Amino acid sequence: MNNRSQKPRGYRGHKKRGSDLLPVLTLTLAVAILSALVAGVWQLADPVDYIPPEPKTVSSSSDTSGESSSQDPASQEASSQEQSSEESSTADNGSSTLVGEGEWTASSYFDDALFVGDSITEGIKLYDVMSNATVLSYTGINLDSIFTREVIPMEDGSKKTIIDASADYDPGKIYILMGVNSIQMAKEDFISAYGRLVDTLRQQHPDAIVYVQSILPVTADYEKRADAVTDNATIDEYNEALMAMAEEKGVYYLNVAEIFKDETGALFSEASPTDGIHFGATWYRKWFDYLRTHAVSQ
């Protein structure tokens, strides 16, 4: 018996096991490579893990540590919109501001409005441009007599002052316009008296939005009259003080005068060809179109 020609026992079995492991190793390597590729692609595609080169930071309202947190652009825009909404809400609750032009407001906005003023406001009744609004006004009334002169008729035949009558209503908005009848007062006295009116109306109606409207201009022809009680330079000066008073009182200011001024700053002559102060239906519609585009939501 020749032992050299005899193969060791198990030789074929060892070779077979090596052949069986080769596909397994190949498959394992392929799976590892594929997993690495998938992980890399997923990381690039995941916007949460992506960090911009120079990220902006905003303070997080939920972060009590006082540190700022990084946000992506979409989150920053949402935060900005939320902040704007909060600022708008704050303004809507009565902080003072010059009301800018906005979207068109439906007529129903004025259903709970109270208009307080003199002969200019009295024209609302004449031209019926705000049929659902309440109007408390009287020709010739001024910042003093509005508290003392009984001009508003009651159902029982008696009369009340405008201020006493205003306490009988529950308006959501109050529009005040006092002009030429009161501008003959010294500016400091005018602002003091106007402030008293604003304070009284706010005490009566603390939840109402209060608008102070600018004094309207007069025509150039009126300024030339011997009996003219004011001019447009004085009106502009008083309006500046009036806007500052509105800011101090925390009420809204409406620069209605801007739509009534021609290129010289005077009331359009065609608006008031008769007395240079009062105007007709066309200009009342312009006025209320202005109010509709300069309104604050509650």
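Residues numbered from 1 in each chain as written. Predicted model: local features only at pLDDT ≥ 70, side-chain atom pairs only at ≥ 80, totals over all residues. Heavy atoms only, no water.

Here's the deal with the overall build of the protein
What counts here: Under the scheme used here, helices are H or I runs from DSSP no shorter than 4 residues and strands are E runs no shorter than 2 residues, and both carry numbers assigned from the N terminus. Note on exposure labels: buried denotes an accessible area under 20% of the residue type's maximum, exposed denotes more than 50%, and partly exposed covers the range between, all computed with a 1.4 Å probe on protein chains only. The contact definition used throughout considers only heavy atoms, calling two residues in contact when any of these lie within 4.5 Å. All accessibility values rest on the Shrake-Rupley procedure with a 1.4 Å probe; residue burial counts only the protein chains present in the view.
A tally of helices and strands in the protein yields 9 helices and 10 strands. Taken over 298 residues, the protein has a buried fraction of 36%. For the protein, contacts bridging at least 24 residues in sequence account for 68% of all contacts bridging at least 6. By element, 51% of the accessible surface of the protein is carried by carbon and sulfur atoms, the whole surface being about 18,200 Å².

So, the sheet that holds strand β3 (residues 97-98)
Just so we agree on the cut-off: Two strands qualify as a pair provided that DSSP identifies no fewer than 2 bridges between them. Only the stretch in contact is used when fitting a helix axis, every axis being a line fitted to C-alpha atoms; angles between N-to-C directions are given from 0 to 180 degrees.
Pairing is parallel in the open sheet, where 6 strands are placed in the order β3-β10-β9-β8-β4-β5. Each having just a single partner strand, β3 and β5 (134-137) make up the two edges of the open sheet. Both strand β8 (residues 173-177) and strand β9 (residues 209-213) contribute to a ladder of 4 bridges, which runs parallel. In the strand pairing of β9, K173 is matched with I209. Contacts from helix α8 (residues 232-249) reach β3, β9 and β10 (252-254), with the element oriented near 155° to β10.

Comments concerning the nonpolar core
The criterion, for reference: To form a nonpolar core, buried Ala, Val, Leu, Ile, Met, Phe, Trp, Tyr and Cys residues must be joined to one another through side-chain atoms within 4.5 Å.
The biggest cluster of nonpolar side chains holds 68 residues, and the ones touching the most others in it are F115, Y194, W287 and L291. Considering each element in turn, this core owes the most residues, 7 residues, to helix α6 (residues 187-204).

Some words on the confidence of the model for the protein
Threshold: What pLDDT expresses is the predictor's confidence in each residue, scored from 0 to 100.
Confidence along the protein averages 78 in pLDDT terms, with 67% of residues attaining 70 or more. Within the model, pLDDT remains below 50 along residues 1-19, and this stretch shows 1 contact once partners closer than five positions in the same chain are excluded. pLDDT under 50 marks residues 36-95. Its contacts with residues more than four places away, or in other chains, come to 26 contacts.

Quick word on helix α3 (residues 119-127)
Rules: Whenever two N or O atoms come within 3.5 Å, that pair is a polar contact, provided that in protein one can donate a hydrogen and the other can accept it, and provided that, for residues adjacent in sequence, both atoms are side-chain atoms.
Of all the positions in α3, only S119, I120, T121, G123 and I124 are classed as buried. The opening residue of α3 is D118, an N-cap whose side-chain oxygen sits 3.2 Å from the backbone nitrogen of I120. Just downstream of α3, D128 is the residue with a positive phi angle, here 50°.

A closer look at the side chain of T200
Within the element layout of this structure, T200 appears in helix α6. Reaching out from T200, the side chain makes a polar contact with the backbone oxygen of R196 at a distance of 2.8 Å. Sequence-distant contacts of T200, that is, excluding residues within four places in its chain, are made with F147 and I163.

Focus: the pattern of salt bridges
Oppositely charged side chains can form a pair if their charged atoms are brought close together. What counts is decided by this rule: What counts as a salt bridge is simple: a side-chain nitrogen of Lys or Arg found within 4 Å of a carboxyl oxygen of Asp or Glu.
With the rule as written, the count across this model stands at 8 salt bridges. Among the ionic pairs, E237 bridges to K187, the shortest N-O distance being 3.0 Å. In this pair, E237 sits in helix α8 while K187 sits in helix α6, placing the two residues 50 residues apart along the sequence. Take E237: its relative accessible area is 38%, and that puts it in the partly exposed class.

Description of the pairing of β5
Heads up, the condition is: Handedness is read with the strands pointing away from the viewer; a crossover is right-handed when the path from the first strand over the helix to the second is clockwise.
Across 4 bridges, strand β4 (residues 113-117) lies against β5 in parallel orientation. Bridged to L114 within β5 is T134. Since β4 and β5 lie parallel, the crossover through α3 that links them has a hand, and here it is right-handed.

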